[in-house]
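These are the residues of each chain, in order.
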Amino acid sequence: MSTTRKRLFIKTYGCQMNVYDSDRMKDVLTPLGYESADTPEGADLVILNTCHIREKAAEKVYSELGRLRPLKDEKAASGGMTIAVAGCVAQAEGAEIMKRAPVVDLVVGPQTYHKLPELIAQAHRAKGEALDTEFEVEDKFDRLGSDRQVEGYSAFVTVQEGCDKFCTFCVVPYTRGAEWSRPVDQIVAEIRALAAKGIREVTLLGQNVNAFHGAPPSGREDEGAWGLGKLVRHVALIGGIERIRFTTSHPRDMDEDLIQAFADTPKLMPYFHLPVQAGSDKILKSMNRQHTAEEYIAIIDRLRAARPDIAISGDMIIGFPGETDADFEATLDLVRRVNYASCFSFKYSKRPGTPGAAMFNQVDEGVKSARLAVLQELLSDQQAAFNESMIGQTLPVLFEKPGRLDGQLHGRSPYLQSVHVEGPAELIGQIGEVRIEAASRNSLSGSLTGSKRSAA
């Protein structure tokens with residue numbers, strides 16, 4: 001292990017998978033002597049971990065690189081600065097980044113960041129560039145191992161990567177590759193190591209996490225690949241882990257065993273994120289979602305039958321090419337029928353290289369904005385009503401950190417809501433019962449009842 005201390009700054013764009021990847025990059029670089037820096041000004045190595053899901057994502061990266069160039073020039077006389085571009089823009093743009101932005105020393109795709117040490121060495125030897133955007137997902141996890149640096153009491157764990165769905169608005173199949181699932185033994189080893197470091201809650205991650213089909217534990221090869229429901233039940237047996245979540249799922253991959261896991265696994269939190277994107281079957285077909293609005297509603301109904309207290313969240317895209325007023329009304333109708341606890345909603349924007357970007361009948365920006373405002377008002381009312389329904393209930397809350405006020409604690413409810421209470425600092429890292437007394441659109445507040453569960 002290196003004894004020379006260097007400083008690392010990572011700027012993370014986009015999804016929770018990128019957050020996980022950034023954390024693992026830190027793990028990979030720690031043996032080289034890197035410690036975290038709060039700003040690029042204090043860093044020897046700057047990594048932009050990029051996301052390609054939005055229009056003009058690459059341009060934003062190039063703008064950031066332009067801001068970093070003078071800083072790199074300033075540091076040239078005092079040891080220098082290495083700049084890396086990682087993530088999905090790196091995968092999509094590859095050598096073009098090197099050509100267009102000479103300030104960049106290395107480019108690494110999302111499946112090859114485990115190679116960062118050798119790529120950094122290669123860039124330094126060459127006094128220039130290193131590039132690796134191969135799809136080697138299995139090799140990546142084999143080499144990363146299970147030891148991680150962690151802070152707090154919740155952690156993400158990637159269990160599945162890639163996507164085979166090819167929705168016409170999405171770049172993920174092109175930047176993350178085909179669907180691939182980690183072996184169960186590898187996942188369990190990582191989660192056990194996290195539990196030993198005090199993690200109480202894990203969120204299982206995947207581009208299509210409910211497409212998980214991982215190799216079974218050693219000695220049980222005759223069982224065939226495990227689905228996500230079976231994995232969740234297995235993770236629930238790990239000592240110290242009190243809460244399990246997973247995201248993001250696809251309606252096409254919902255099976256009855258996973259739905260049943262909500263009924264028979266108390267550690268699986270009653271909060272489920274299931275994107276639908278539109279309520280019009282015409283638009284869903286144009287998006288290549290491979291499900292109808294009624295099929296989506298049927299899944300929600302089965303989930304609520306299995307777990308009556310489950311809260312549903314989702315994603316909506318407004319103004320997809322060809323969307324008419326009638327199509328938009330169908331989306332509003334679906335939202336009313338589901339009654340979301342929370343929902344992310346966006347105007348459609350062209351993702352470079354996707355079929356949707358070349359479609360005719362692009363919707364006017366003004367129309368998209370007007371429709372989005374109507375939808376978001378409905379979703380805001382639903383979220384407020386859901387939060388207000390918590391008033392008078394007693395909820396188990398995982399306390400994560402001090403609140404902003406003296407004597408205040410911040411935690412999370414089973415439904416992912418922020419919860420604020422007055423209480424002693426020694427409750428941080430524990431699960432306590434809180435009677436909810438007030439609600440806002442984004443958080444709850446209440447008082448401790450005196451009940452708590454210590455870390456196992």
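What you see is a predicted model; the values in this text were computed from it and never measured.

Draft legend 1. Representation of helix 1 (residues 16-29) within the structure. A rise of 1.5 Å per residue sets the reference length of helix 1, with its 14 residues, at 20 Å; its end C-alpha atoms lie 20 Å apart and thus fit the reference within 8%. Most of helix 1 is tucked away, with 10 of its 14 residues classed as buried. Of all the positions in helix 1, only Met 17, Asn 18, Tyr 20, Asp 21, Ser 22, Arg 24, Met 25, Asp 27, Val 28 and Leu 29 are classed as buried.

Draft legend 2. Fine view of the pattern of salt bridges. Going through the model one piece at a time under the given rule, you end up with 25 salt bridges. Taking the shortest distance from any N to any O, the salt bridge between Glu 223 and Lys 230 comes out at 3.0 Å. With a shortest N-O distance of 3.1 Å, Asp 257 and Arg 233 are connected by a salt bridge. Taken together, the positions of Asp 257 in helix 10 (residues 256-264) and Arg 233 in helix 9 (residues 228-235) put the pair 24 residues apart, joining distant regions of the chain. We classify Asp 257 as partly exposed; its relative accessible area is 37%. One network of salt bridges, with partners in common, ties together Arg 24, Asp 27, Arg 182 and Glu 190.

Draft legend 3. Summary view of the sheet that holds strand 10 (residues 201-205). Judged by pairing direction, the sheet is parallel, and its three strands sit side by side in the order 7-10-11 without closing on themselves. Strand pairing shows two members of the sheet lacking a second neighbour, strand 7 (154-158) and strand 11 (243-247), which therefore form its edges. The sheet shows a mean angle of 25 degrees between the axes of neighbouring strands, direction not considered. Pairing analysis gives five bridges linking strand 10 to strand 11, with the strands arranged parallel. Residue pairing in the sheet places Glu 201 in a bridge with Arg 243 of strand 11. In the packing of helix 8 (residues 184-196) onto the sheet, contacts are made with strand 7 and strand 10, and the angle to strand 7 comes to roughly 165 degrees.

Draft legend 4. Representation of the nonpolar core. The biggest cluster of nonpolar side chains holds 66 residues, and the ones touching the most others in it are Val 202, Leu 204, Phe 246, Leu 303 and Tyr 340. When sequence neighbours within four positions are dropped, the list of residues in contact with Leu 204 reads Val 157, Val 159, Ile 191, Val 209, Leu 228, Leu 231, Val 232, Ile 244, Arg 245, Phe 246 and Thr 247. Counting residues in each nonpolar core, the second largest holds 24 residues, with Ile 83, Met 98, Ala 101 and Val 104 among its members.

Draft legend 5. Region of interest: the state of the cysteines. Following the criterion strictly, the structure yields zero disulfides and no others. Lacking any disulfide linkage, Cys 170 is separated from the closest cysteine sulfur, that of Cys 163, by 6.1 Å.

Draft legend 6. Looking closely at the pairing of strand 17 (residues 418-422). In terms of burial, strand 17 is a largely internal element, four of the five residues being buried. Joining the antiparallel neighbours strand 16 (residues 408-412) and strand 17 is a turn of five residues, in which Leu 416 adopts a positive phi near 70 degrees.

Draft legend 7. Summary view of the sheet that holds strand 14 (residues 342-347). With parallel pairing, three strands are arranged side by side in an open sheet as 12-13-14. Looking at the sheet topology across the chains shown, the edges are occupied by strand 12 (271-273) and strand 14. Along the sheet, successive strands turn relative to each other by an average axial angle of 15 degrees, direction set aside. Judged from the three bridges that link them, strand 12 and strand 13 (residues 311-318) form a sheet pairing that is parallel. Paired with Phe 272 across the strands is Ile 312, a residue of strand 13. Where helix 14 (residues 365-388) meets the sheet, its contacts fall on strand 13 and strand 14, and the angle it forms with strand 14 comes to roughly 175 degrees.

Draft legend 8. Looking closely at helix 12 (residues 293-306). Under the 1.5 Å per step criterion, the end-to-end length of helix 12 is 20 Å for 14 residues, consistent within 8% with the ideal 20 Å. Of all the residues in helix 12, the buried ones are Ala 293, Tyr 296, Ile 297, Ile 299, Ile 300 and Leu 303. Seen from one end, helix 12 has its buried residues packed into an arc of 155 degrees, which puts them on one side.

Draft legend 9. Quick look at the environment of Thr 354. With respect to the element layout, Thr 354 can be found in the loop between strand 14 and helix 14. Among residues more than four places away in sequence, those in contact with Thr 354 are Thr 168, Phe 169, Cys 170 and Val 171.

Draft legend 10. Spotlight on unusual backbone geometry. The omega angle of the peptide bond from Thr 247 to Thr 248 is 0 degrees, so this bond is cis rather than trans. Relative to the helices and strands, Thr 248 is located in the loop between strand 11 and helix 10. The residue Gln 277 is not glycine, and still its phi comes out positive at about 80 degrees. Even without glycine at this site, Gln 290 takes up a positive phi of about 65 degrees. With respect to the helices and strands, Gln 290 occurs in the loop between helix 11 (281-286) and helix 12.

Draft legend 11. Structural detail: the environment of Lys 72. Note that Lys 72 resides in helix 2 (residues 57-75). Lys 72 gets classed as buried once you look at its relative accessible area, which sits at 16%. Spatially, the C-alpha atoms of Lys 72 and Gly 42 are 11 Å apart, while their sequence positions differ by 30 residues.

Draft legend 12. Examining the environment of Glu 161 more closely. Along the polypeptide, Glu 161 turns up in strand 8 (residues 160-161). Look at Glu 161 and you get buried, because its relative accessible area is 1%. Placed 140 residues apart in sequence, Glu 161 and Asp 21 show a C-alpha to C-alpha distance of 12 Å.

Conventions and cut-offs
- Residues numbered from 1 in each chain as written.
- Predicted model: local features only at pLDDT ≥ 70, side-chain atom pairs only at ≥ 80, totals over all residues.
- Heavy atoms only, no water.
- Helix = DSSP H or I, 4+ residues; strand = E, 2+ residues; numbered from the N terminus.
- Expected span 1.5 Å × (residues − 1).
- Buried < 20%, exposed > 50% of the residue type's maximum accessible area, 1.4 Å probe, protein only.
- Salt bridge = Lys/Arg side-chain N within 4 Å of Asp/Glu carboxyl O.
- Pairing = 2+ DSSP bridges.
- Axes fitted to C-alpha atoms, helices over the stretch in contact; angles between N-to-C directions.
- Contact = heavy atoms within 4.5 Å.
- Core = buried A, V, L, I, M, F, W, Y, C linked by side-chain atoms within 4.5 Å.
- Disulfide = S-S within 2.5 Å.
- Arc of directions from axis to C-beta.

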